[in-house]
Amino acid sequence: MASGVSTIALTLPIIASNAIFSCRRAAKGFNALDEHPVYGAMNMDIAAGQVLKGVRVAEGLAPGVSAVASSSGIFNTLAESGKAIKALSKFVDFTSKNINPIICVTSGVKVLGSDDKVNTAAKEALALTTMFASEGAAKAILAMPIVKNGGKAVSHNGIARSFVAKQIEALEETCATKKLFDKIPLNGMPSALKGVFFVLASIYGYKLGAYVAEKVTGYKEN
C-alpha cells in the first residue's frame, strides 16, 4: 500500500497540473490564431508539450498507458508517419522538456506583435517573474514532485517538510483506504488537489505581476 500511495502522490500532481495548463494554453492559442498566428501556434505547441509531459509521468502511475498514448505509443507512431509529422513531434518533444523557456520565448513573440512593445514587454517581464516565483514557492510549500528529463517523477522535500506538505501527506494516507459513498476511491484526491493548488499559484502569480505592471505603466491591453 505504501508503494501505491507513493506512486500516486508523485504522479497525480503533475498529471493534474499539466492537464489544466494544457487546456488553458490550447484555448489561448486557438483564440490568438487569427490575429497573431505565430503566437497562437506557439501556445498550441506549449499545450501539446504539457500533454506529452503529463502522459509520460502517467506511465509511473499506470504502465499500461505507454502502450496506448505515451511517447512509446501513439507519439512514436505519429513521429514515424511522415517527415512533417516527425519534425513536429520532435518539436513537441523538445517543448515538453523545456516548458518554461518556451513560455518565455512565446511571451517575447507576444511583445513583438504588440502595438505598444515597451509596456507589453514590461508587463510580460513582471508577470512572468511573479508567476515563476509563485510556482517556486508553491513547489516548496506543497512539496510538489519534480520531473526528470526521462519523464520520471521524483519527490521534492519542500521547505524542510513544510506543515502543508505534511498535512497533504497525512490526508493521502487516510484517503488511500477510503471511498466516497463506499464506491468512489479517494486515494488520488489529495495529490490531484496539490496539482490544482499549484496551477492556482501559477495563474494568480501571473495576474499579480500583470496587475502591478498595469498600475505602474497605466497601460492595459484590450
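In what follows, the structure referred to is the one given above.
Trainee: Residue-level account of the environment of Ala 192, with values.
Mentor: By the secondary structure assignment, Ala 192 is in helix α8 (residues 189-217). Between the C-alpha atom of Ala 192 and that of Pro 13, which follows or precedes it by 179 residues, the distance is 5.0 Å. Those residues in contact with Ala 192 that sit more than four places away from it in its chain are Leu 12 and Ala 16.

Trainee: Could you give an account of helix α5 (residues 99-112), naming the residues involved and the relevant values?
Mentor: With 14 residues, α5 ought to run about 20 Å at 1.5 Å a step, and its terminal C-alpha atoms sit 20 Å apart, in line with that. The set of residues buried in α5 consists of Ile 99, Ile 102, Ile 103, Thr 106, Ser 107, Lys 110 and Val 111.

Trainee: Could you give an account of the packing of aromatic side chains, with specific residues and numbers?
Mentor: Counting across every chain of the model gives one aromatic pair. When the centroid spacing of 6.1 Å and the interplanar angle of 85 degrees are considered together, the rings of Phe 21 and Phe 198 count as edge-to-face. Note that Phe 21 is positioned in helix α1 (residues 2-32) and Phe 198 in helix α8, a separation of 177 residues in sequence. Neither residue differs from the other here; Phe 21 and Phe 198 are each classed as buried. Positioned above the aromatic ring of Tyr 206 is the side chain of Lys 28, whose terminal nitrogen or guanidinium carbon lies 5.9 Å from the ring centre.

Trainee: Just give me the short version of the side chain of Glu 135, but keep the residues and values in it.
Mentor: Structurally, the position occupied by Glu 135 is in helix α6 (residues 117-142). Despite being buried, Glu 135 has no salt bridge partner; Lys 139 is the closest side chain of opposite charge, sitting 5.3 Å away. Within the local environment of Glu 135, its side chain forms a polar contact with the side chain of Ser 202, the two groups lying 2.6 Å apart. Discounting residues that sit within four places of it in the chain, Glu 135 has contacts with Phe 21, Asn 100, Phe 198 and Ser 202.

Trainee: Outline a nonpolar patch on the surface, supporting the account with residue identities and numerical values.
Mentor: Judged by side-chain polarity, Leu 126, Leu 208, Tyr 211, Val 212 and Val 216 come together as a nonpolar surface patch covering roughly 460 Å² of accessible area. The biggest single contributor to the nonpolar patch is α8, with four residues. Examined against the element boundaries, Tyr 211 turns out to sit in helix α8.

Conventions adopted
- Residues numbered from 1 in each chain as written.
- Predicted model: local features only at pLDDT ≥ 70, side-chain atom pairs only at ≥ 80, totals over all residues.
- Heavy atoms only, no water.
- Helix = DSSP H or I, 4+ residues; strand = E, 2+ residues; numbered from the N terminus.
- Contact = heavy atoms within 4.5 Å.
- Expected span 1.5 Å × (residues − 1).
- Buried < 20%, exposed > 50% of the residue type's maximum accessible area, 1.4 Å probe, protein only.
- Phe/Tyr/Trp six-rings, centres within 6.5 Å; stacked < 30°, edge-to-face > 60°.
- Lys NZ or Arg CZ within 6 Å of the ring centre and 35° of its normal.
- Lys, Arg positive; Asp, Glu negative; His and termini not counted.
- Salt bridge = Lys/Arg side-chain N within 4 Å of Asp/Glu carboxyl O.
- Polar contact = N/O pair within 3.5 Å; in protein donor to acceptor, adjacent residues only side chain to side chain.
- Patch = residues over 30% accessible without salt bridge, like charges linked within 9 Å, V, L, I, M, F, W, Y side chains within 5 Å.
- Areas by Shrake-Rupley, 256 points an atom, 1.4 Å probe, with all protein chains shown as cover.

Interpretation note: all reported values are geometric properties and have no functional meaning in isolation.
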